[in-house]
Amino acid sequence: MAIERTLSIIKPDAVAKNVIGKIVSRFEAAGLKIVAAKLVQLSQADAEQFYAVHKERPFFKDLVSFMISGPVFVQALEGEDAIAKNRDLMGATDPKKAAPGTIRADFADSIDANAVHGSDAAETAKVEIAFFFPELKAR
Ligand code: IDP
């Protein structure tokens, strides 16, 4: 297994619920290290750019509105198999389908307000980390 980096976003619903620490402790318990982190308020342009791959999807407008509805906590996580490990910890996109004990099963309310984002592949992880942390040296 390779040491990888992935981008995690704790979305506005989870930040508003005051569960940043509870979610971060799951990453730490799974052996993922935080190599960069910040609390940010995204602009509409930021959210549109970040989710540009979804711009033709019917939920795009709602997704952008939701992502700018409050601050988000963004982290670059590093560890063995970090991308898949983070996706496992997150659970399925729809919290109703997320396995028990996953972040979305425990903290998400709906498919749109679903608590967390995680990069889905090595290429997207690279682009997403550079989007938020351009100063972070690539590894
Ligand atoms: P992921 O976040 O599990 O990788 P994606 O399919 O990449 O899921 O979708 C990105 C985000 O768009 C989801 O996390 C969710 O917030 C939102 N989303 C996806 N599908 C729907 C939908 O059918 N209705 C509303 N929002 C959706």
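This report concerns the structure included in the present document. (Residues numbered from 1 in each chain as written. Predicted model: local features only at pLDDT ≥ 70, side-chain atom pairs only at ≥ 80, totals over all residues. Heavy atoms only, no water.)

## Brief notes about the pattern of salt bridges
Reasoning step 1: Applying the stated criterion across every chain yields a total of three salt bridges.
Reasoning step 2: For E78, the salt bridge is made with R5, and the minimal N-O distance between the two is 2.7 Å. Here R5 lies in strand β1 (residues 3–10) and E78 lies in strand β3 (residues 72–80), a separation of 73 residues in the sequence.
Reasoning step 3: A residue is classified by how much of its surface remains accessible, and R5, at 19% relative accessible area, is buried.
Reasoning step 4: Between D106 and R26 there is a salt bridge whose closest N-O contact spans 2.8 Å. Highlighted residues: D106 in helix α6 (residues 103–107) and R26 in helix α2 (residues 20–29), separated in sequence by 80 residues. (Salt bridge = Lys/Arg side-chain N within 4 Å of Asp/Glu carboxyl O. Helix = DSSP H or I, 4+ residues; strand = E, 2+ residues; numbered from the N terminus. Buried < 20%, exposed > 50% of the residue type's maximum accessible area, 1.4 Å probe, protein only.)

## So, the sheet that holds β3
Sheet strands pair by backbone hydrogen bonding; their relative direction is either parallel or antiparallel.
Reasoning step 1: Across the sheet, four strands lie side by side as β2-β3-β1-β4; this open sheet has antiparallel pairing. Among the strands making up the open sheet, the edge pair consists of β2 (33–40) and β4 (116–118). Pairwise comparison of adjacent strand axes, ignoring direction, gives a mean angle of 20 degrees for this sheet.
Reasoning step 2: Across three bridges, the pairing between β1 and β4 is antiparallel. Bridge pairing in β4 places I10 opposite V116.
Reasoning step 3: The strands touched by α2 within the sheet are β1, β2, β3 and β4, with β3 carrying the most contacts at an inclination of about 10 degrees. (Pairing = 2+ DSSP bridges. Axes fitted to C-alpha atoms, helices over the stretch in contact; angles between N-to-C directions. Contact = heavy atoms within 4.5 Å.)

Function cannot be read off these values alone, since they describe shape.
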